[in-house]
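Descriptive analysis of the structure
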Amino acid sequence: MQHAVGARSSGSTLGLRIGIDTGPVVAGVIGRSRFGYDLWGDMVNTASRMESHALPGTIQVTERTRDLLADRFELEQRDAVDVKGKGPMTTYLVLGLRTGTPEPCPSLARASEGK
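What about the side chain of T91?
Summarising the element assignment, T91 is placed in the loop between β7 (87-89) and β8 (92-97). Separated by 3.3 Å, the side chains of T91 and Q60 make a polar contact. In contact with T91, other than residues within four places in its own chain, are M50, Q60, V61, E76, Q77, R78, D79 and V81.

Written out as structure tokens, the structure is:
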């Protein structure tokens, strides 16, 4: 997503922030005449808080998510962030793939480069 936004917004001030948490959620279709698909749960709310506290152009994740990503991605610990409803949380910025790690989805990487 960041590559696609960057490729389309060169020279503009558009900055994408992404927040990710990991855990169980409830998902489903809501509505009777106009359907919508939604997710509910503590992890959804926490991911939203990660996004709102992230720096423009970054991906900020929780410690749970860091534990799952640490073997493939370079991460940088941030100072504790005071998260509404949670209190202080240690968060991490995703800096990129570790050296020598293959792209998770090469076809998407090529598509974002305009190939």
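Describing the pattern of salt bridges
All chains considered together, the criterion is met by 6 salt bridges. Among the salt bridges present, the one from R66 reaches E63, with a minimum N-O distance of 3.5 Å. Here R66 pairs with E63, and both are found in helix α3 (residues 63-69), just 3 residues apart, close to one helical turn. Given a relative accessible area of 22%, R66 falls into the partly exposed group. Judged by relative accessible area, E63 falls into the partly exposed class, the value being 39%.

Quick look at the environment of D38
Relative to the helices and strands, D38 resides in strand β3 (residues 36-40). Separated by 12 residues in the primary sequence, D38 and V26 have C-alpha atoms spaced 8.4 Å apart. Among residues more than four places away in sequence, those in contact with D38 are V26, A27, G28 and I30.

With respect to the nonpolar core
In terms of nonpolar packing, the biggest core is built from 6 residues, these being I18, I59, V61, F73, Y92 and V94. Ignoring anything within four residues of it in the chain, the contact list for V61 reads I20, M50, R66, L69, L75, T91, Y92 and V94.

Description of the sheet that holds strand β5 (residues 73-77)
Note: strands within a sheet are paired through backbone hydrogen bonds, in either parallel or antiparallel orientation. Spatially, 4 strands are ordered β1-β4-β8-β5 in an open sheet, and the strand pairing comes out mixed. At either margin of the open sheet sits one strand with a lone partner, and together these are β1 (18-20) and β5. Strand-to-strand twist of the sheet, defined as the mean angle between neighbouring strand axes without regard to direction, takes the value 35°. The pairing of β1 with strand β4 (residues 59-61) spans 3 bridges and is parallel.

Concerning the environment of S52
Position of S52 relative to the elements: it lies in helix α2 (residues 42-53). Overall, S52 belongs to the partly exposed group, its relative accessible area being 38%. Sequence separation between S52 and V83 is 31 residues; the distance between their C-alpha atoms is 9.6 Å.

Some thoughts on α2
In this model, α2 (12 residues) spans 17 Å end to end at C-alpha, consistent with the 16 Å of a helix rising 1.5 Å per residue. Among the residues of α2, M43, T46, A47 and M50 are the ones counted as buried. One side of α2 holds all its buried residues, which, seen down the axis, span an arc of 100°. Structurally, α2 contributes buried residues whose contacts are with β1, β4, α3, β6 (81-83) and β7.

Here is what the cut-offs are and how they apply
Counting of residues starts from 1 at the beginning of each chain's written sequence and follows it residue by residue. Given that the model is predicted, a residue must reach a pLDDT of at least 70 before its local features are reported, and side-chain atom pairs must reach 80 or more before they are shown or counted; all residues, however, enter totals for whole chains, interfaces and linings. The side-chain values count all of the structure's non-hydrogen atoms but skip hydrogen atoms and water molecules. Secondary structure elements are defined from DSSP: runs of H or I of at least 4 residues count as helices, runs of E of at least 2 residues count as strands, and each element is numbered from the N terminus. Between N or O atoms, a polar contact is any pair within 3.5 Å; within protein, one atom must be a potential hydrogen donor and the other a potential acceptor, and residues adjacent in sequence are included only when both atoms are from side chains. Two residues qualify as a contact provided that any one of their heavy atoms is within 4.5 Å of a heavy atom in the partner residue. A side-chain nitrogen of Lys or Arg and a carboxyl oxygen of Asp or Glu constitute a salt bridge if their distance falls within 4 Å. Exposed residues in this analysis have more than 50% of their type's maximum accessible area, buried residues have under 20%, and partly exposed residues fall in between, with area computed by a 1.4 Å probe over protein chains only. We define a nonpolar core as any set of buried Ala, Val, Leu, Ile, Met, Phe, Trp, Tyr and Cys residues linked to one another through side-chain atoms lying within 4.5 Å. When DSSP finds at least two bridges between two strands, those strands are taken to pair. Only the stretch in contact is used when fitting a helix axis, every axis being a line fitted to C-alpha atoms; angles between N-to-C directions are given from 0 to 180 degrees. One less than the number of residues in a helix, times 1.5 Å, gives the span that helix is expected to have. The arc under discussion is defined with respect to the helix axis, by the directions toward the C-beta atoms.

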